[in-house]
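Read off the chains here:
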Amino acid sequence: SSSPTSSVTGLSMGTNSFQWTITNGTCPPSIDTVNIILLPPTTIACAGPDQSLCNVTVSTFAGNTPIVGSGVWTLIAGTGTITTPTSETSSVSNLSVGTNTFVWTITNGSCPPTTDTVNIIVYPLPTTALAGPDQSLCADSTILNANIPTIGTGLWTLVSGTGTIANPNSPTTNVTGLSLGANTFQWAITNGTCPPSLDTVLVFVNAPATPAFAGSDQTVCEDS
């Protein structure tokens, strides 16, 4: 207690006041105080689950409420206008297509801040699917002719009939093993969480014509 630079232990939460007194004989003592404020640990930040959106530019955060400290949202990647940066459930607008990253930071005095990030991914609508014109064949194989996706990825599936699709992700894949009659295929273009764009094509396989037989040759002495 007589050392000007003594350590001190057992501090309590909140304000702890200490007095440093210097005395010299019968002179009045010289006195000064110091406050040591012990802050509670800062609430651990949780920015909420990542979000995947389709063709929208607005959303709402789902951060946790600080029990100790105060929080603030900041944008670190992408775009976004935060309506109320200090609200854990603030709305956010002007999101851009792609990944928009935000950090939720909780601070409490001189304690180290706690942080957590959330990604809000915005997907554009997929390209409108076009499965190509219906086909009428006299063969058990053909080439499907769908459009090439500029946004999203495409996938062929068999809806009815039969058929083995050589490359389901190719818009112009070969298909073999077609059955007589109607064979229906679906071309689906998907992109993230957006609803898929769907279109179907009918491939109709006709049965081979009965071989023609005109009868035996004839030699006659009449005009009919």
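The following paragraphs examine the structure supplied in this document. Keep in mind it's a predicted model, so treat the numbers as computed, not measured. (Residues numbered from 1 in each chain as written. Predicted model: local features only at pLDDT ≥ 70, side-chain atom pairs only at ≥ 80, totals over all residues. Heavy atoms only, no water.)

### A few points about the overall build of the protein
To keep things clear, this is the line we draw: Strands here mean DSSP runs of E at least two residues long; helices mean DSSP runs of H or I at least four residues long; both are numbered from the N terminus. Classification of residues uses two cut-offs on accessible area relative to the type maximum, computed with a 1.4 Å probe and protein chains only: under 20% is buried, over 50% is exposed, and between them is partly exposed. We call two residues in contact when some of their heavy atoms are within 4.5 Å. Accessibility throughout is a Shrake-Rupley quantity obtained with a 1.4 Å probe, and a residue counts as covered only by protein chains that appear here.
From N to C terminus, the protein includes zero helices and 16 strands. The dimensions of the protein, computed from C-alpha atoms along their principal axes, are 165 × 30 × 20 Å. Taking all 224 residues of the protein together, 29% fall into the buried category. The contacts in the protein between residues at least 6 apart in sequence include a share of 54% that link residues at least 24 apart. Carbon and sulfur atoms form 57% of the exposed surface of the protein, whose accessible area is close to 13,600 Å².

### Concerning the sheet that holds strand β3 (residues 51-54)
Spelled out, the test is: Only strands joined by at least two bridges in the DSSP assignment are considered to pair. To define axes, lines are fitted to C-alpha atoms, for helices over the stretch in contact only, and angles between the resulting N-to-C directions are given on a 0 to 180 degree scale.
Spatially, the four strands line up as an open sheet ordered β3-β9-β8-β5, and their pairing is mixed. Single-partner strands in this sheet number two, and they are β3 and β5 (70-77). With strand direction ignored, the average angle separating the axes of adjacent strands in the sheet is 25°.

### A look at the sheet that holds strand β15 (residues 181-190)
What the four strands build is an open sheet, ordered β10-β16-β15-β12; its pairing is mixed. Lying at the two open borders of the sheet, with one neighbouring strand each, are β10 (135-137) and β12 (153-160). Taking the axes of each pair of neighbouring strands and ignoring which way they run, one obtains an average angle of 25° across the sheet. Looking at chain direction, β10 and strand β16 (residues 197-205) are connected through three bridges and run parallel. By the bridge assignment for β16, Gln135 is matched with Val203.

### Focus on the environment of Ser52
Here Ser52 shows up in strand β3. Taking C-alpha positions, Ser52 is 4.8 Å from Ile121, a pair spaced 69 residues apart along the chain. Each residue touching Ser52, except ones within four places of it in the same chain, is listed here: Ile121, Tyr123 and Thr193.

### Examining the nonpolar core
Our working rule: Buried residues of nine kinds, namely Ala, Val, Leu, Ile, Met, Phe, Trp, Tyr and Cys, make up a nonpolar core once their side-chain atoms join them within 4.5 Å.
With 15 residues, the main nonpolar core has Leu144, Trp156, Leu178, Phe185 and Trp187 as its most contacted residues. Of all the secondary structure elements, the ones that give two or more residues to this core are β15 and β16. Setting aside residues no more than four positions away along its own chain, Leu144 makes contact with Gln135, Trp156, Pro171, Thr172, Thr173, Val175, Phe185, Val201 and Val203. Counting 14 residues, the second largest nonpolar core, distinct from the first, contains Ala45, Ala47, Trp104 and Val122.

### Brief notes about the state of the cysteines
Throughout this description, disulfide means a covalent bond between two cysteine sulfur atoms. Where we set the bar: Working definition: a disulfide is two cysteine sulfur atoms within 2.5 Å of each other.
Applying the stated rule across the entire model yields one disulfide. A disulfide bridge connects Cys54 with Cys194, and the sulfur atoms are separated by 2.0 Å. Linking Cys54 and Cys194, the disulfide has an S-S dihedral of approximately 110° and is accordingly described as right-handed. One end of the pair, Cys54, is in strand β3; the other, Cys194, is in the loop between β15 and β16, and 140 residues separate them in sequence. The exposure class assigned to Cys194 is buried, which follows from its relative accessible area of 5%.

### Some remarks on the side chain of Asn191
Condition: Throughout this description, a polar contact denotes any pair of N or O atoms lying within 3.5 Å of each other; where both atoms belong to protein, one of them has to be capable of donating a hydrogen while the other can accept it, and for residues adjacent in sequence the pair is counted only when both atoms sit in side chains.
Along the chain, Asn191 falls in the loop between β15 and β16. Within the local environment of Asn191, its side chain forms a polar contact with the backbone oxygen of Pro124, the two atoms lying 2.7 Å apart. Filtering out sequence-adjacent residues up to four positions away, Asn191 remains in contact with Tyr123, Pro124, Pro126, Ile151 and Gly152.

### Some remarks on the pairing of β15
Counting buried positions along β15 gives seven out of ten residues, so the element sits mostly inside the fold. In the sheet, β12 pairs with β15 via seven bridges, with the strands oriented antiparallel. Across the sheet, the residue bridging to Ser160 is Thr184, located in β15. Here nine bridges tie β15 to β16, and the two strands are oriented antiparallel to one another. Paired with Gln186 across the bridge in β16 is Thr200.

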